Amino acid sequence: MSTATLSTAAPYLIEQDYSAYTEEQHSVWAELVRRVLPELRRHAAREYLEGFEIIGLQEDRLPELAAVSARLAPRTGWNSTPVSGFLPAPAFFEMLASRRFPTTTWLRSRESLEYTPEPDIFHDVFGHVPMHAHPVFADFLERYGRVCAAIADAGVLEKLGRLFWYTVEFGVIRQEGETKVYGSGLISSHGECLNVVEGHCAIHDFLLDEVLATRVKVDELHKLLFAVRSFDEIYEAMHEAERRALRGCL
Ligand SMILES: [Fe+2]
């Protein structure tokens, strides 16, 4: 799908100047990967790890978004599209609805390996993009964008934002009797991931009502997250949320 189909998001689209990355930046990427990958090999959802291989992420070099998208496109039609930074909600939803994941191209410095106030290419590509190779997750994310793009009510969007937060950003899944992480905020943060796998965070079964009623807190490690048993559950939850939004009872 061409970027010509984007209107609201158009001002935020940029090119990734891959040759401009320095050896220091490639080295920071390698350090970020080295910090989390051993934990993820044990504690990430198998769909995340499969996606990591499918999109051809390298452990010691920053990813070239065009190459990532070329590997993703035949699987699910998703594309990792470079953007200038954090997008306003309408532009963000428009991109998701057209299977284009807004992807930042800057990388945090060596002094802030654990935390950045805004997403960078490590959070966006390492954290998010592998899951876009999974067909059900891919369909869910497009649907999420489509539904949100058609809603103007801020209260409804806040509720739907919680669904996004507790799946795409901080989702966990039960596999082989264990809690595995798949949300990008868990995947791309050593501290958040350990908080879950070391048992410091309560894990409830994923029930839409409780997810929608649980406020998002961005300034502390999570004390409660929600585990699905399969990705079909988040797809079905999206459709239920959409039905409720259409009836005005979300
Ligand atoms: Fe994110």
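Our subject is the structure listed above.
To start, this report covers the structure provided alongside it. (Residues numbered from 1 in each chain as written. Predicted model: local features only at pLDDT ≥ 70, side-chain atom pairs only at ≥ 80, totals over all residues. Heavy atoms only, no water.)

**Observations concerning the overall build of the protein**
Along its length, the protein carries 11 helices and 6 strands. A compact globule built from 250 residues would reach a C-alpha radius of gyration of about 18 Å, and the protein, at 17 Å, matches this within 12%. Over its C-alpha atoms, taken along the principal directions, the protein stretches across nearly 50 × 45 × 35 Å. Every one of the 250 residues in the protein was classed for burial, and the buried ones make up 52%. Within the protein, residue pairs in contact and separated by at least 24 positions form 65% of the contacts whose partners lie at least 6 positions apart. In the structure as shown, the protein presents an accessible area of about 11300 Å², 52% of it carried by carbon and sulfur atoms. With 25 positive and 37 negative side-chain charges, the protein shows a spacing of 4 Å between the two charge centroids. (Helix = DSSP H or I, 4+ residues; strand = E, 2+ residues; numbered from the N terminus. Rg over C-alpha atoms; globule rule 2.2 N^0.38 Å. Buried < 20%, exposed > 50% of the residue type's maximum accessible area, 1.4 Å probe, protein only. Contact = heavy atoms within 4.5 Å. Areas by Shrake-Rupley, 256 points an atom, 1.4 Å probe, with all protein chains shown as cover. Lys, Arg positive; Asp, Glu negative; His and termini not counted. Charge placed at Lys NZ, Arg CZ, Asp CG, Glu CD.)

**Observations regarding the state of the cysteines**
Every disulfide links exactly two cysteines, by a covalent bond between their sulfur atoms. In this structure the tally under the stated criterion is 0 disulfides. We note that C193 lacks a disulfide partner, and the nearest cysteine sulfur, in C201, lies 11 Å from it. For C249, which is in no disulfide, the shortest distance to another cysteine sulfur is to C148 and amounts to 16 Å. (Disulfide = S-S within 2.5 Å.)

**Observations regarding the packing of helix α1 (residues 23-43) against helix α2 (residues 46-54)**
Relative to each other, α1 and α2 sit at 125 degrees, their axes nearing to 9 Å. With respect to α2, the element α1 is oriented oblique. On the side of α1, the interface is formed by L37, L40 and R41, while α2 contributes Y48, L49, F52 and E53. Of the residues in the contact of α1 with α2, the class split is 5 nonpolar, no polar and 2 charged. (Axes fitted to C-alpha atoms, helices over the stretch in contact; angles between N-to-C directions. Parallel < 35°, antiparallel > 145°, perpendicular 65-115°, else oblique. Nonpolar A, V, L, I, M, F, W, Y, C, P; charged D, E, K, R; others polar.)

**Digging into the packing of aromatic side chains**
Evaluated as defined, the whole model comprises 18 aromatic pairs. Arranged with centres 5.8 Å apart and planes meeting at 75 degrees, the rings of F92 and F164 form a pair that is edge-to-face. Residue F92 is located in helix α4 (residues 89-97), and its partner F164 is located in helix α7 (residues 154-169); the two are separated by 72 residues in the primary sequence. Three or more aromatic residues joined by ring pairs form one cluster here, namely F92, F93, F137, F140, Y144, F164, Y182 and F231. (Phe/Tyr/Trp six-rings, centres within 6.5 Å; stacked < 30°, edge-to-face > 60°.)

**A look at the sheet that holds strand β5 (residues 202-205)**
Read from one edge to the other, the open sheet built from 4 strands follows the order β4-β3-β6-β5, with strand pairing classed as mixed. Of all the strands in the sheet, just β4 (178-181) and β5 have a single pairing partner and so form its edges. Pairwise comparison of adjacent strand axes, ignoring direction, gives a mean angle of 45 degrees for this sheet. The pairing of β5 with strand β6 (residues 224-228) spans 4 bridges and is classified as parallel. Bridge pairing links A202 to L224 in β6. Where helix α9 (residues 190-197) meets the sheet, it contacts β3 (172-175), β4, β5 and β6, and its direction lies at approximately 165 degrees from that of β4. (Pairing = 2+ DSSP bridges.)

**Focus on the pattern of salt bridges**
The final tally for this structure, using the stated rule, is 21 salt bridges. Here R143 ties to E242 by a salt bridge, and the two come within 2.6 Å at their closest N and O atoms. In this pair, R143 sits in helix α6 (residues 135-149) while E242 sits in helix α11 (residues 232-247), placing the two residues 99 residues apart along the sequence. Here R143 falls in the partly exposed class, since its relative accessible area comes to 27%. The exposure class of E242 is buried, given its relative accessible area of 14%. Linking R174 and D205 is a salt bridge whose minimum nitrogen-to-oxygen distance equals 3.3 Å. A residue pair is termed long-range when its members are at least 10 positions apart, and R174 in strand β3 and D205 in strand β5 qualify at 31 residues. (Salt bridge = Lys/Arg side-chain N within 4 Å of Asp/Glu carboxyl O.)

**Topic: α1**
Compared with an ideal rise of 1.5 Å per residue, which puts 21 residues at 30 Å, α1 spans 30 Å between its outermost C-alpha atoms and is within 8% of the ideal. The largest bend in α1 amounts to roughly 40 degrees and is located at L37, with the proline P38 lying one to four residues further along. Those residues of α1 that fall on the buried side of the exposure criterion are H26, V28, W29, L32, V33, V36, L37, E39, L40 and H43. For α1, the secondary structure elements touched by its buried residues are α2, α5 (121-128), β4, α8 (184-187) and α9. (Expected span 1.5 Å × (residues − 1). Bend = angle between axes of the 7 residues up to and from the residue.)

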